[in-house]
Amino acid sequence: MEVDSESHEYPKRLPQKKYFRQRAHSNPTADHIMDYPVNPDLMDWKSLFPAFDCDKQQVQFLDIGCGYGGLLVTLSTMFPESLILGIEIRVKVSDYVINRISALRENHPHQYQNIACIRTNAMKYLPNYFHKGQLQKMFFLYPDPHFKRSKHKWRIINTTLLAEYAYILAELGLVYTVTDVKDLHEWMVKHFTEHPMFTRVSDEENTLDPVVKVMTDCSEEGKKVTRNQGDKFVAVFRRIKDPYET
């Protein structure tokens, strides 16, 4: 291991995933014990992004079900001036991401200050964290497909939740989805295209979006699909302008 030439200290080791493994499936309707703000104004963002003035700058990118944080780390250097938050419901996995970011910040001063992770339930508490029209980008990378029909209500994309996503997304904000499960891809496309506040982005436009180019492979799940030579189904949706506001 190399020694930092300036501090003469060994760099902080990144956490090892083998100590943070947890089953992939989690019941989002269960009564998980977790803290959350009563409203967005009471959220302590400064503790997550100490290098930024959080009174003037808000989180703009949100990765729901961020897994082990691959997308967060990738986007951090692509958009160094944007605050990017990952949400993960699994305790050990969120702990891993928090430790990973801490180590990256320590080993790379002035970098990775714009990413953070919290453990919370996106199906229940998003309006507690974000104001109306706050977010510019939302990500759903390889979400749990919940294959059994009886568990489709657990899918992170459904009609009720799309109304919340539309609420916290800015006009013309984007939602990025990718999965290796064709049935889930078709489910997500159907729900987004049928919702009055979203329209699908064309494949031609997606080819020009640098985010689309990196998001399919930057996560652990994406790399696993690549190793197994699996299919990847991508769809991006735009939040339309509010038809009821002038």
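Reading guide: rules and limits
- Residues numbered from 1 in each chain as written.
- Predicted model: local features only at pLDDT ≥ 70, side-chain atom pairs only at ≥ 80, totals over all residues.
- Heavy atoms only, no water.
- Helix = DSSP H or I, 4+ residues; strand = E, 2+ residues; numbered from the N terminus.
- Buried < 20%, exposed > 50% of the residue type's maximum accessible area, 1.4 Å probe, protein only.
- Pairing = 2+ DSSP bridges.
- Axes fitted to C-alpha atoms, helices over the stretch in contact; angles between N-to-C directions.
- Contact = heavy atoms within 4.5 Å.
- Phe/Tyr/Trp six-rings, centres within 6.5 Å; stacked < 30°, edge-to-face > 60°.
- Lys NZ or Arg CZ within 6 Å of the ring centre and 35° of its normal.
- Parallel < 35°, antiparallel > 145°, perpendicular 65-115°, else oblique.
- Left-handed = near helix turned anticlockwise from the far one by under 90°.
- UniProt positions renumbered as here; feature names shortened; annotations may be inferred.
- Polar contact = N/O pair within 3.5 Å; in protein donor to acceptor, adjacent residues only side chain to side chain.
- Core = buried A, V, L, I, M, F, W, Y, C linked by side-chain atoms within 4.5 Å.
- Nonpolar A, V, L, I, M, F, W, Y, C, P; charged D, E, K, R; others polar.

K.L.:
Describe in detail unusual backbone geometry, supporting the description with residues and values.
P.N.:
The backbone of histidine 110 sits at a positive phi, close to 75°, despite the residue not being glycine. Following the sequence through the fold, histidine 110 ends up in the loop between α2 (91-107) and β3 (115-119). One non-glycine residue, histidine 146, adopts positive backbone phi at about 45°. You can call histidine 146 buried: its relative accessible area is 7%.

K.L.:
Go over the sheet that holds strand β4 (residues 135-141) with me, naming the residues and quoting the values.
P.N.:
On the basis of which strands lie adjacent, the open sheet formed by seven strands has the order β3-β2-β1-β4-β5-β7-β6 and mixed pairing. Edge strands, defined here as strands with exactly one partner in the open sheet, are β3 and β6 (198-200). In this sheet, neighbouring strand axes are inclined to one another by 20° on average, regardless of whether the strands run parallel or antiparallel. The strands that helix α4 (residues 159-168) touches are β1 (59-64), β4, β5 (169-179), β6 and β7 (233-239); relative to β5, the one it contacts most, it runs at about 130°. Helix-sheet contacts for helix α5 (residues 182-194) involve β5, β6 and β7, and the interaxial angle to β7 is about 15°.

K.L.:
Break down the side chain of histidine 191 for me, with residues and values.
P.N.:
Here histidine 191 lies in helix α5. With a relative accessible area of 13%, histidine 191 lands in the buried category.

K.L.:
Give me the environment of isoleucine 64: which residues, what numbers.
P.N.:
By secondary structure assignment, the location of isoleucine 64 is in strand β1. On the basis of relative accessibility, which here comes to 7%, the residue isoleucine 64 falls in the buried class. Between the C-alpha atom of isoleucine 64 and that of phenylalanine 140, which follows or precedes it by 76 residues, the distance is 5.7 Å. In this structure, isoleucine 64 is in contact with Ile87, Ala122, Leu126, Met138, Phe139, Phe140, Ile156 and Tyr165, ignoring residues within four places of it in sequence.

K.L.:
Would you mind going over the packing of aromatic side chains in detail, with residue names and values included?
P.N.:
All chains considered together, the criterion is met by ten aromatic pairs. In this arrangement the basic side chain of arginine 155 is found over the ring face of tryptophan 187, its NZ or CZ atom lying 4.7 Å from the centre.

K.L.:
Outline the packing of helix α3 (residues 122-129) against α4, listing residues and values.
P.N.:
Relative to each other, α3 and α4 sit at 25°, their axes nearing to 10 Å. Compared by their axis directions, α3 and α4 come out roughly parallel. Note that α3 runs across α4; the crossing there is left-handed. Residues Met123, Leu126 and Pro127 of α3 lie in contact with α4, whose contacting residues are Leu161, Glu164, Tyr165 and Ile168.

K.L.:
Mind laying out the UniProt feature "active site" (unreviewed entry) in the protein, listing which residues take part and the relevant values?
P.N.:
UniProt's feature table lists "active site" (unreviewed entry) at Asp144, given in the numbering used throughout. One can find aspartate 144 in the loop between β4 and α4. A polar contact of 3.0 Å, which involves the side chain of aspartate 144, links it to the backbone nitrogen of histidine 146.

K.L.:
Explain the nonpolar core to me, and be specific about the residues and the numbers.
P.N.:
In terms of nonpolar packing, the biggest core is built from 43 residues, with Trp45, Leu85, Phe130, Met138, Tyr165 and Phe198 touching the most fellow members. When residues no more than four places from it in sequence are discounted, the contact partners of tyrosine 165 are Ile64, Leu126, Met138, Phe140, Ile156, Ile157 and Phe198. Ranked by size, the runner-up nonpolar core spans 29 residues in total, among them Val93, Tyr96, Val211 and Val225.

K.L.:
So what's going on with the packing of helix α1 (residues 70-78) against α2? Which residues, and what values?
P.N.:
Contact pair α1 / α2: the axes reach a minimum separation of 10 Å and the direction vectors enclose 30°. Judged on the interaxial angle alone, α2 and α1 are roughly parallel. Crossing of α1 against α2: the hand is right-handed. On α2, the residues that touch Gly70, Leu72 and Val73 of α1 are Val97, Arg100, Ile101 and Leu104. Residue classes in the contact of α1 with α2 are distributed as five nonpolar, one polar and one charged.

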